[in-house]
Amino acid sequence: MDITAPSRDDIESMARDAIDALPEPFRGPAAAVAVVVEDFAPVDMLADLDMDAFELTGLYDGIPMTEKSVMDQPTGPDTVWLFRRPIIDEWADRGNVTLRELVAHVTIHELAHHFGWSDEDIARIDQW
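Residues numbered from 1 in each chain as written. Predicted model: local features only at pLDDT ≥ 70, side-chain atom pairs only at ≥ 80, totals over all residues. Heavy atoms only, no water.

Student: What should I look at first to understand helix 4 (residues 84-94) in this one?
Tutor: Side chains three or four residues apart in an α-helix point the same way, a direct result of the helix having 3.6 residues per turn. Where helix 4 is concerned, the buried positions are R84, P86, I87 and I88. Count one or two residues on from helix 4 and you reach G95, which has phi positive near 70°. (Buried < 20%, exposed > 50% of the residue type's maximum accessible area, 1.4 Å probe, protein only. Helix = DSSP H or I, 4+ residues; strand = E, 2+ residues; numbered from the N terminus.)

Set out below in C-alpha cells:
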C-alpha cells in the first residue's frame, strides 16, 4: 500500500484537470491563470489575511475579469495559489470526499474570484 502524500506536482495536476473540465467559455480563460502550489501560504500572505497556516487552502491573486480595465498595468499574472498541507489536512479531516474532489473545489472557488462569479454561479459549476 502506497501511503506517500501527494506532491505539489500531484496537486497541480489535479487542479489542471479541474480547469480542463470547466465548461466553455470558462476553460480557455481559466487555463491562462497561473496555478502555484506551495506547501503553505507565505508568512506575509497569512499576516495580511490574519490567518493560521493550516486555515488557508487557496487564494486568488489578481484583478477579477469583471473589474479589469485597459488602464490596468499588470504587476504579474493572475494566480490561483493552492496550499498542499492545509488541503491534505482538510481532506483527511473531512473523510467524505476524494482529494481530487477537494482540489477541484478549492481551484474552482479561487477561479470564481477571477471570473467574478456569484455563489449561484459557483454552484452551477461546482456541485459541492
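Student: I tried to follow the pattern of salt bridges on my own but got confused; where do I start?
Tutor: Inspection of every chain in the model, using the stated rule, returns 7 salt bridges. Two residues, R16 and E12, come together in a salt bridge whose shortest N-O distance is 3.8 Å. Here R16 pairs with E12, and both are found in helix 1 (residues 8-20), just 4 residues apart, close to one helical turn. Judged by relative accessible area, R16 falls into the partly exposed class, the value being 27%. The salt bridge involving D39 is made with R84; its shortest N-O contact spans 2.7 Å. With a gap of 45 residues between them, D39 in the loop between strand 1 (34-38) and helix 3 (43-49) and R84 in helix 4 connect regions that are remote in the sequence. (Salt bridge = Lys/Arg side-chain N within 4 Å of Asp/Glu carboxyl O.)

Student: Can you help me understand helix 1 in this one?
Tutor: When the terminal C-alpha atoms of helix 1 are compared, their 18 Å separation across 13 residues agrees well with the 18 Å that a helix rising 1.5 Å per residue should span. Turning to helix 1, its buried residues number three or more, namely I11, M14, A15, A18 and I19. Buried residues along helix 1 cover an arc of 145° about the axis, so they all sit on one side. Structurally, the start of helix 1 carries an N-cap: the backbone nitrogen of D9 is 3.3 Å from a side-chain oxygen of S7. (Expected span 1.5 Å × (residues − 1). Arc of directions from axis to C-beta. Polar contact = N/O pair within 3.5 Å; in protein donor to acceptor, adjacent residues only side chain to side chain.)

Student: Sorry, what's going on with the sheet that holds strand 3 (residues 79-83) here?
Tutor: Pairing is mixed across the open sheet formed by 3 strands, whose spatial order is 1-3-2. Bordering the open sheet on either side are strand 1 and strand 2 (58-61), each of which pairs with just one other strand. Mean inter-strand twist for the sheet, computed between neighbouring axes without regard to direction, equals 20°. As paired strands, strand 1 and strand 3 are joined by 5 bridges and run parallel to one another. Bridge pairing links E38 to F83 in strand 3. The sheet strands contacting helix 1 are strand 1 and strand 3, and the helix crosses strand 1 at an angle near 150°. Most of the contacts of helix 4 go to strand 3, to which it runs at about 55°, and overall it touches strand 1 and strand 3. (Pairing = 2+ DSSP bridges. Axes fitted to C-alpha atoms, helices over the stretch in contact; angles between N-to-C directions. Contact = heavy atoms within 4.5 Å.)

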